[in-house]
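Summary of structural features
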Amino acid sequence: GRLSEFAGEKAVEVDIMARQINFYNNAKEDWELIQGLNEKGDADARQAYVALVGYTEGVNWAVKHAAKLPVEFALTGQSPFREWNPVDSIAISRILAFGMCFGAGHVILRQAMHDVLGEEAAKEWTRTSSGMGDGPTASDSCDVEAVYKR
């Protein structure tokens, strides 16, 4: 929800959406849950805790010892670097997961059209642009039956 701080007015709608979805506050709650379960001895929470703390320490160490911050910081005017924390990693994971929710829709739609209308009709209906090739179907990527027989 802070993109417009450096991207300007054109990013305000993205910030509003991010705050409505509540990525960062939900990530804070996730981190509190991980910490609580870790303290109670939950093995999965322990793995998540160790990974998040280790990653956080690595990011902060790298920034502290870098000769210069990556070019993205100069391009966006982001200075100084705000120390990274585990909640940042969880929030990024939530944003990436949210974005991936929309990518599968095309594959599912194309597979359904393929099943109902046949391959040629599915190609016509789901063509995105000339020269881009055909979109995948769910069955293109693997032999589903073989996966379940393992």
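These figures come from a predicted structure and were not determined experimentally. (Residues numbered from 1 in each chain as written. Predicted model: local features only at pLDDT ≥ 70, side-chain atom pairs only at ≥ 80, totals over all residues. Heavy atoms only, no water.)

Tallying secondary structure elements over the chain gives eight helices and zero strands in all. For the chain, the succession of helices and strands along the chain, N to C, is α-α-α-α-α-α-α-α. Of all 150 residues assigned to the chain, the portion counted as buried reaches 17%. Contacts spanning at least 24 positions in sequence make up 49% of the contacts within the chain whose residues lie at least 6 apart. Just so you have it, the chain exposes about 11200 Å², and 59% of that area is on carbon and sulfur atoms. (Helix = DSSP H or I, 4+ residues; strand = E, 2+ residues; numbered from the N terminus. Buried < 20%, exposed > 50% of the residue type's maximum accessible area, 1.4 Å probe, protein only. Contact = heavy atoms within 4.5 Å. Areas by Shrake-Rupley, 256 points an atom, 1.4 Å probe, with all protein chains shown as cover.)

As a further point, take helix 4 (residues 43-65). Owing to its 3.6 residues per turn, the α-helix aligns residues three or four sequence positions apart on the same side. With 23 residues, helix 4 ought to run about 33 Å at 1.5 Å a step, and its terminal C-alpha atoms sit 33 Å apart, in line with that. Of the positions making up helix 4, those classed as buried are Ala45, Leu52, Thr56, Val59 and Asn60. In this structure aspartate 42 caps helix 4, since a side-chain oxygen of it lies 3.1 Å from the backbone nitrogen of aspartate 44. (Expected span 1.5 Å × (residues − 1). Polar contact = N/O pair within 3.5 Å; in protein donor to acceptor, adjacent residues only side chain to side chain.)

Structurally, the position occupied by serine 89 is in helix 6 (residues 86-117). Assessed through its relative accessible area of 9%, serine 89 is described here as buried. If sequence neighbours within four positions are ignored, serine 89 has contacts with Leu52, Tyr55 and Trp84.

A few words on the environment of alanine 18. Here alanine 18 lies in helix 2 (residues 12-21). Spatially, the C-alpha atom of alanine 18 lies 8.6 Å from that of isoleucine 95, the residues being 77 residues apart in sequence.

Another point: the pattern of salt bridges. One pass over the structure, following the stated rule, counts two salt bridges. Put simply, aspartate 88 and arginine 82 hold a salt bridge, and the shortest N to O gap is 3.0 Å. (Salt bridge = Lys/Arg side-chain N within 4 Å of Asp/Glu carboxyl O.)

By secondary structure assignment, the location of asparagine 60 is in helix 4. Classification of asparagine 60 by relative accessible area gives buried; the value is 16%. Each residue touching asparagine 60, except ones within four places of it in the same chain, is listed here: Phe81, Glu83 and Trp84.

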